[in-house]
Amino acid sequence: MNEITITVNGKQVKGKAGSTVLEICQANGIDIPTLCHLYGLSDVGACRMCVVEIERERRPVPSCTYPAREGLVVQTHTEKLEKYRRQILELIFTEHNHFCMFCEKSGDCELQKLGYQYQMDNVRYPYTFPSLSVDSLNQYITIDHNRCILCGRCIRACREIAAVNTLDFGQRGWKTTVVADLNQPLDESSCLNCGPCVQACPTGTIFNKINLYKGITDDCEQIETVCPDCGVGCELNVLVRDNNLVRIDAPDLTSPRGALCRMGRFELLEQTQSRITSPLVRSKDCEFEECSLDSAAQRISAGLKEAKASFAGMASTKLPSETLSLFHKFISGVIGSDSIDTPDGASYRIISEGIAKFTGNGKLDIECSIEEIPGADCIMVIGADPQKTNPVVGTLIRRAAGQGKAKLVVVHPSRDAFPLWTDLWLKPKAGSEAALLTGLAKVILDKGLAKSGKADAIKTSLNRCEVGEVTRTTGIDKETLEEAAEIYARAERGIIIYGENLVVSGGADAVATILNLASITANQVGNSLRVVSLKSGANSRGAWELGLAKGIKQDKPKGLYLLLSDDTVDEKLLNWLREIDFLVVQASYQSPVTAIADVVLPSPIWAEREGKYVDMGGRTLEIKQVLEPGEGVLQDKEILMAVSQTMGKELVLR
């Protein structure tokens, strides 16, 4: 990019062509006060705090929207500008209720900092602010309109970062406020509780109810780690004070994973369940009794002898690779069993088998990164609900469809997860998604839309496929099937995103057909096909690559060691666990699972452990410990090693 030179306050500075005056000044360490500007959002020049004087301009102009050009002469801090900025601040302070002593953001407020900077000991104008409503019904987010300066940062964050378009300005003139949808309460609006608006707000207008008055930024230690909730691998900036979680922000709102979601930004801060801080053993009268770790290990050893060879292990995929590797050794070396699985292990085995049908091996690196989603020109979402399972992927899909104008095709029997963005919703009969995919491949080949040499081999395999039979099986008419096939086949950067619903209903054949569709339409980037399979666990891929998803050999093992930590189980798995004679659960919280266990061991929560994750794209990420474990809580590896020692086996950590 070309470099330009401008003169700021008599000194020549350099910057990139296409930058604004504000961007070049900030890049050269020249401070200009701002309020409506936030890095990563579009600039609108609303607050006028960043005004500068430019040679040959008749009046001060906002530097955030003024394009810099070669030879520009700029003054940023003249007496006239400083008086002008102070006058703007005075007017802002009079228009709404900005009495800091009642505000949760006091000490963390950009408006308050400017007040101190410009020595706002009084205002020369009468206070005119009305009494406005406070929208506090949302589970996590409150909007106090009395503190709003109408900078619009929340609106732009909602539109440009979250790609939701829930927030906007409503009414006119002095009655203008930020509204959700058609001036609805936030909890009744289309808000997804992702929270970039909270992070973008420069005052105490929009705030997180969970961290209310827990501490300001300067009082907290900031630690960057990785979200433990799903396979996307979002980076988190966790603020901690006195060994308590205060707030979670995105380190960079503009990165592909920077939007965060309700799970990463808010739900991680909620700890409503009772912690397990001591080993528990079920007594003869079926009540839990606290005991030492040694006593619990002896009870496990006795249970193992009763179960004999029918003992299995299962571990959550929210645990780091180091813990999972040690658990694998524990089950195979100490317990002496090769029966081991993860809660989502069945999905892995199906996906791996499907990939093996396509490539000859089951390696997951055939898929592309989620960074390809925003640049896609067509996205087909099959058997998945990213809004629920992997919300940041949902954000990237909305950005591609809303901002990038990508065509969006949703295949789901009963629910369109993107009703405002979907171009075509196919509603096949439940369980017929695999037949639909085969029909799409057949139409693409019959219409000559295939672009790769592999098409001939696939065409031969589909000789017996009849489009009429596909329409009868799926309930999708021929015209709709052809429309979907043409949208996808004509795309140059089309991506297929599929989830667990398709894996369960379609099996390995459906996975292989998806890969074939991407292959024959040449939708690939480098050696990877433009295909993304959604994974529920933060370290699902890491666990699978470590061999933890071999599967439980018995339909109902007599004994099972479940390393659950702070994860949860669904009703189906819970019912299966109820049938096991001897159950050991290592968990952070009391839950229906621990209630049916014979032995319960404590486990740290996500913030109390460290290690490495492998996200769904194959990146290895380091997670950091942000809290010290509570009294009585050891690390999972320490418990596994102690139990092994009591059982007369040595578990070596490498």
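None of these values were measured; they are calculated from a predicted model. (Residues numbered from 1 in each chain as written. Predicted model: local features only at pLDDT ≥ 70, side-chain atom pairs only at ≥ 80, totals over all residues. Heavy atoms only, no water.)

Some thoughts on the overall build of the protein chain
For the record, the criterion: Counting from the N terminus, the helices are DSSP H or I runs at least four residues long and the strands are E runs at least two residues long. Radius of gyration here is computed from C-alpha atoms only, and the compact-globule reference equals 2.2 Å multiplied by the residue count raised to the power 0.38. Here's how the labels work: a residue is buried when its accessible area is under 20% of the maximum for its type, exposed when over 50%, partly exposed in between, all with a 1.4 Å probe on protein chains only. Residue contacts are defined here by distance: any two heavy atoms, one from each residue, within 4.5 Å place the two residues in contact.
Scanning the protein chain from terminus to terminus reveals 20 helices and 29 strands. In terms of overall dimensions, the protein chain is globule-like: its C-alpha atoms have a radius of gyration of 29 Å, near the 26 Å expected for 654 residues. Along the first, second and third principal axes, the C-alpha atoms of the protein chain reach 85 × 70 × 45 Å. Considering the protein chain as a whole, with its 654 residues, one finds that 57% of them fall into the buried category. Relative to all contacts within the protein chain whose residues are 6 or more apart in sequence, the contacts with residues 24 or more apart total 67%.

Quick notes on the packing of aromatic side chains
For clarity, the threshold we go by: When two rings of Phe, Tyr or Trp (its six-membered ring) have centres within 6.5 Å they constitute a pair, described as stacked for plane angles under 30 degrees, edge-to-face for angles over 60, and tilted for the intermediate range.
Applying the stated criterion to the full structure yields 9 aromatic pairs. Geometrically, the ring pair formed by Phe99 and Phe129 is edge-to-face, given 6.0 Å between the ring centres and 75° between the ring planes. Of the two residues, Phe99 sits in the loop between α2 (79–95) and α3 (110–117) while Phe129 sits in the loop between α3 and β6 (134–135), which places them 30 residues apart along the sequence. Classification of Phe129 as partly exposed rests on a relative accessible area of 26%. Pairing Tyr127 with Phe129 gives two aromatic rings, centres 6.1 Å apart and planes at 75°, and the pair type is edge-to-face.

Let's talk about a nonpolar patch on the surface
Operational definition: Grouping into patches uses exposed residues only, defined as over 30% relative accessible area, and leaves out salt-bridged ones; the cut-off is 9 Å for like charges and 5 Å for nonpolar side chains (Val, Leu, Ile, Met, Phe, Trp, Tyr). Computed with the Shrake-Rupley method and a 1.4 Å probe, the accessible areas treat only the protein chains shown as cover for residues. Between Lys or Arg on one side and Asp or Glu on the other, a salt bridge is scored when a side-chain nitrogen of the former is within 4 Å of a carboxyl oxygen of the latter.
Residues Phe99, Met101, Phe102 and Tyr127 make up a contiguous nonpolar surface patch of roughly 470 Å² in combined accessible area. Tracing the sequence through the fold places Tyr127 in the loop between α3 and β6. Taking relative accessible area as the criterion, Tyr127 reaches 48% and is therefore assigned partly exposed.

What about the state of the cysteines?
Note the cut-off: The disulfide criterion used throughout: a pair of cysteine sulfur atoms within 2.5 Å.
What the rule picks out here adds up to 0 disulfides. Left without a disulfide partner, Cys234 is nearest to the cysteine sulfur of Cys227, which lies 6.0 Å away. Note on Cys234: relative accessible area 6%, which makes it buried. Counting only cysteine sulfurs, Cys291 is the nearest neighbor of Cys286, a cysteine outside any disulfide, at a range of 16 Å.

Quick notes on the sheet that holds strand β21 (residues 494–498)
Let me state the cut-off plainly: Here the rule is simple: two strands pair whenever DSSP picks up at least two bridges between them. For every element, the axis is a line fit to its C-alpha atoms; helices are fit only across the contacting stretch, and the angle between N-to-C directions ranges from 0 to 180 degrees.
Judged by pairing direction, the sheet is parallel, and its 5 strands sit side by side in the order β20-β19-β18-β21-β24 without closing on themselves. The open sheet has two free edges, formed respectively by β20 (424–426) and β24 (531–533), since each of these has just one partner strand. Strand-to-strand twist in this sheet, taken as the mean axis angle between neighbours without regard to direction, amounts to 15°.

Points about the pairing of strand β27 (residues 599–602)
Residues Val599 and Leu601 line one face of β27 and the alternating positions Val600 and Pro602 line the opposite face, and both faces are buried. With 4 bridges joining them, strand β26 (residues 582–587) and β27 adopt parallel strand pairing. Its bridge partner lying in β27, Ala587 is registered against Pro602.

Some thoughts on unusual backbone geometry
The phi angle at Asp242 is positive, at roughly 55°, despite the residue not being glycine. Locating Asp242 in the fold gives a position in the loop between β12 (235–241) and β13 (244–249). Taking relative accessible area as the criterion, Asp242 reaches 66% and is therefore assigned exposed. Phi at Cys286 takes a positive value of approximately 70°, unusual for a residue other than glycine. Its place among the elements puts Cys286 in the loop between β14 (280–282) and β15 (288–290).

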